[in-house]
Amino acid sequence: MHVLVSGGAGYIGSHTVVQLVAAGHAVTVVDSFANAKPSVIARLNILTGEPIDVRSFDLTDRDKTEHLFAHEHFDAVIHFAGFKAVGESVEKPLEYYENNLESTFSLVRAMRRHGVRRLVFSSSATVYGADAEVPMKEDAPTSATNPYGWTKVMVEQVLRDVGAADPTWRIALLRYFNPVGAHSSGLVGEDPSDIPNNLMPFLAQVAVGRREKLSIYGGDYPTPDGTGVRDYIHVEDLAAGHIAALEKLASADEPVSTWNLGTGRGTSVLEMLHAFERAVGHDLPHEIVDRRPGDIAQSYADPTKAETELGWKATRTIDDMCVDTWRWQSTNPDGYP
Ligand code: UD1
């Protein structure tokens with residue numbers, strides 16, 4: 001298949017590009033490089049053994065998006081592109097709604113016009129909202145606590161309506177839990193442009209000396225050790241979930257399918273810290289501070305639906321995630337050049 005990967009220079013997109021090429025697909029990346037460094041492409045060329053076809057523009061530009069579809073034939077699209085920082089979305093709600101919704105409208109319009117009806121969308125477990133029961137199942141009600149989360153809820157709804165209006169669409173809504181880790185080569189990984197908000201990149205920057213210590217947000221949650229529990233999933237397992245979903249869409253009965261991509265296992269902040277310390281080989285400075293507003297005590301997937309319907313299962317352990325993150329961070333202390 002010829003697959004268009006929006007946001008293919010980003011963290012999850014780049015790992016998926018490598019697996020798509022390895023699975024024999026032709027790939028075109030479209031990325032605005034607003035939050036990704038162009039040097040990731042050179043790494044992808046090394047890992048895939050071929051020059052990746054890259055188009056550098058913002059999907060909110062409808063003319064450029066239309067032009068791309070008018071000149072290339074795609075069999076499917078994987079749509080990763082979007083703004084993703086929760087705190088920033090609270091500061092700049094309009095920018096988040098505009099960017100994440102308009103890029104999707106522009107993309108889906110061009111797909112419709114050119115008869116491309118197979119789409120995999122990057123959603124998030126954040127759509128289960130603050131009051132969801134664990135383990136989280138796909139049929140749970142959706143909600144959000146910040147503009148970023150609402151853009152995911154809204155795009156899911158738009159795509160469900162598109163599928164209802166024209167049942168020839170085959171759309172996968174993939175709800176990711178907490179993606180971490182890096183490619184085993186250490187050539188690609190997560191490279192936040194600012195101070196990391198998420199646990200794993202922050203830990204990695206503490207380990208490499210870019211941050212003084214880890215602040216653990218809350219030690220009094222109703223969890224086994226009092227710290228927050230999440231379902232961390234290795235980015236390579238996550239990328240494999242996209243290939244499985246893309247292939248499944250060819251034979252899917254319904255226009256729109258929703259799949260959780262998680263491991264089904266919860267890990268606390270302290271457990272993750274200790275696993276990272278094992279990977280690095282020494283203790284890391286940390287302190288327990290107040291809870292972060294908006295955080296929930298625990299979040300983990302019921303991954304049964306993806307296992308049954310996609311034949312996909314996450315296999316990598318927390319230690320694998322930490323070892324791979326540390327290989328990436330220690331060999332690229334400042335991220336991509
Ligand atoms: C966060 C977002 C979520 C988004 C996801 C993307 C919030 C409130 N939620 O999820 O919407 O989809 O990232 O990956 O931002 N922690 C610390 N110290 C830190 C950083 C995190 O103790 O410096 C803790 C958190 O309290 C939490 C766990 O580590 O218990 C994971 O946090 P994080 O990596 O930010 O992910 P989420 O909050 O689950």
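Residues numbered from 1 in each chain as written. Predicted model: local features only at pLDDT ≥ 70, side-chain atom pairs only at ≥ 80, totals over all residues. Heavy atoms only, no water.

Focus: the packing of helix α7 (residues 199–207) against helix α11 (residues 318–331)
Stage number 1. As a packed pair, α7 and α11 sit with axes 10 Å apart at the nearest point and diverge in direction by 55 degrees. One finds that α7 runs oblique with respect to α11. Remark: the crossing between α7 and α11 carries right-handed chirality. Each of Met 200, Ala 204, Gln 205 and Ala 207 in α7 lies in contact with α11, whose residues at this interface are Met 321, Cys 322, Thr 325, Trp 326 and Gln 329.
Stage number 2. When the residues that make up the contact of α7 with α11 are grouped by side-chain class, the tally is 6 nonpolar, 3 polar and no charged. (Axes fitted to C-alpha atoms, helices over the stretch in contact; angles between N-to-C directions. Helix = DSSP H or I, 4+ residues; strand = E, 2+ residues; numbered from the N terminus. Parallel < 35°, antiparallel > 145°, perpendicular 65-115°, else oblique. Left-handed = near helix turned anticlockwise from the far one by under 90°. Contact = heavy atoms within 4.5 Å. Nonpolar A, V, L, I, M, F, W, Y, C, P; charged D, E, K, R; others polar.)

Topic: the confidence of the model for the protein chain
Stage number 1. Per-residue confidence for the protein chain averages 98 on the pLDDT scale, and 100% of its residues sit at or above 70.
Stage number 2. The secondary structure element of the protein chain with the lowest average pLDDT is helix α4 (residues 86–91), at 95, and the one with the highest is strand β1 (residues 2–6), at 99. (pLDDT = per-residue confidence, 0-100.)

Description of the pairing of strand β5 (residues 118–124)
Stage number 1. With 6 of 7 residues buried, β5 is to be regarded as a mostly interior element.
Stage number 2. Regarding the hand of the β-α-β motif, the stretch spanning β5, helix α6 (residues 147–165) and strand β6 (residues 170–176) is right-handed. (Buried < 20%, exposed > 50% of the residue type's maximum accessible area, 1.4 Å probe, protein only. Right-handed = clockwise from strand over helix to strand, strands pointing away.)

What about unusual backbone geometry?
Stage number 1. The residue after Val 134, namely Pro 135, is reached through a cis peptide bond having omega -10 degrees.
Stage number 2. Here Pro 135 shows up in the loop between β5 and α6.
Stage number 3. Even without being glycine, Phe 33 reaches a positive phi, approximately 60 degrees.
Stage number 4. Of note, Phe 33 is situated in the loop between β2 (26–30) and α2 (39–48).

Here's the deal with α2
Stage number 1. Regarding α2, the residues found buried are Ser 39, Val 40, Ile 41, Arg 43, Leu 44 and Thr 48.
Stage number 2. Packed against the buried residues of α2 are α1 (11–22), β3 (53–55) and α11.
Stage number 3. At the exit of α2 stands Gly 49, carrying a positive phi of roughly 75 degrees.

Some points on the nonpolar core
Stage number 1. By size, the foremost hydrophobic cluster in this structure holds 43 residues, and its most contacted members are Leu 20, Leu 44, Leu 174, Trp 259, Leu 261 and Trp 312.
Stage number 2. The element contributing the most residues to this core is helix α8 (residues 235–249), with 7 residues.
Stage number 3. Not counting residues within four places of it along the chain, the set of residues in contact with Trp 312 comprises Ile 233, Asp 237, Ala 240, Gly 241, Ala 244, Asn 260, Leu 261, Gly 262, Ala 306 and Glu 307.
Stage number 4. The next biggest cluster of nonpolar side chains, apart from the first, holds 23 residues, and it includes Ile 216, Met 272, Leu 273 and Ala 275. (Core = buried A, V, L, I, M, F, W, Y, C linked by side-chain atoms within 4.5 Å.)

With respect to the site of the ligand
Stage number 1. In the vicinity of the ligand, 18 residues are found, and the nearest of them are Leu 199, Ser 215, Arg 230, Arg 292 and Asp 295.
Stage number 2. For the ligand, an oxygen atom lies 2.8 Å from a polar atom in the backbone of Leu 199.
Stage number 3. Note that an oxygen atom of the ligand is positioned 2.9 Å from one of the backbone N or O atoms of Tyr 217.
Stage number 4. When isolated, the ligand has an accessible area of 750 Å², and the protein chains bury 88% of it.
Stage number 5. The greatest single-element share of the shell around the ligand, amounting to 4 residues, is contributed by strand β8 (residues 214–217). (Near = heavy atom within 4 Å. Polar contact = N/O pair within 3.5 Å; in protein donor to acceptor, adjacent residues only side chain to side chain. Areas by Shrake-Rupley, 256 points an atom, 1.4 Å probe, with all protein chains shown as cover.)

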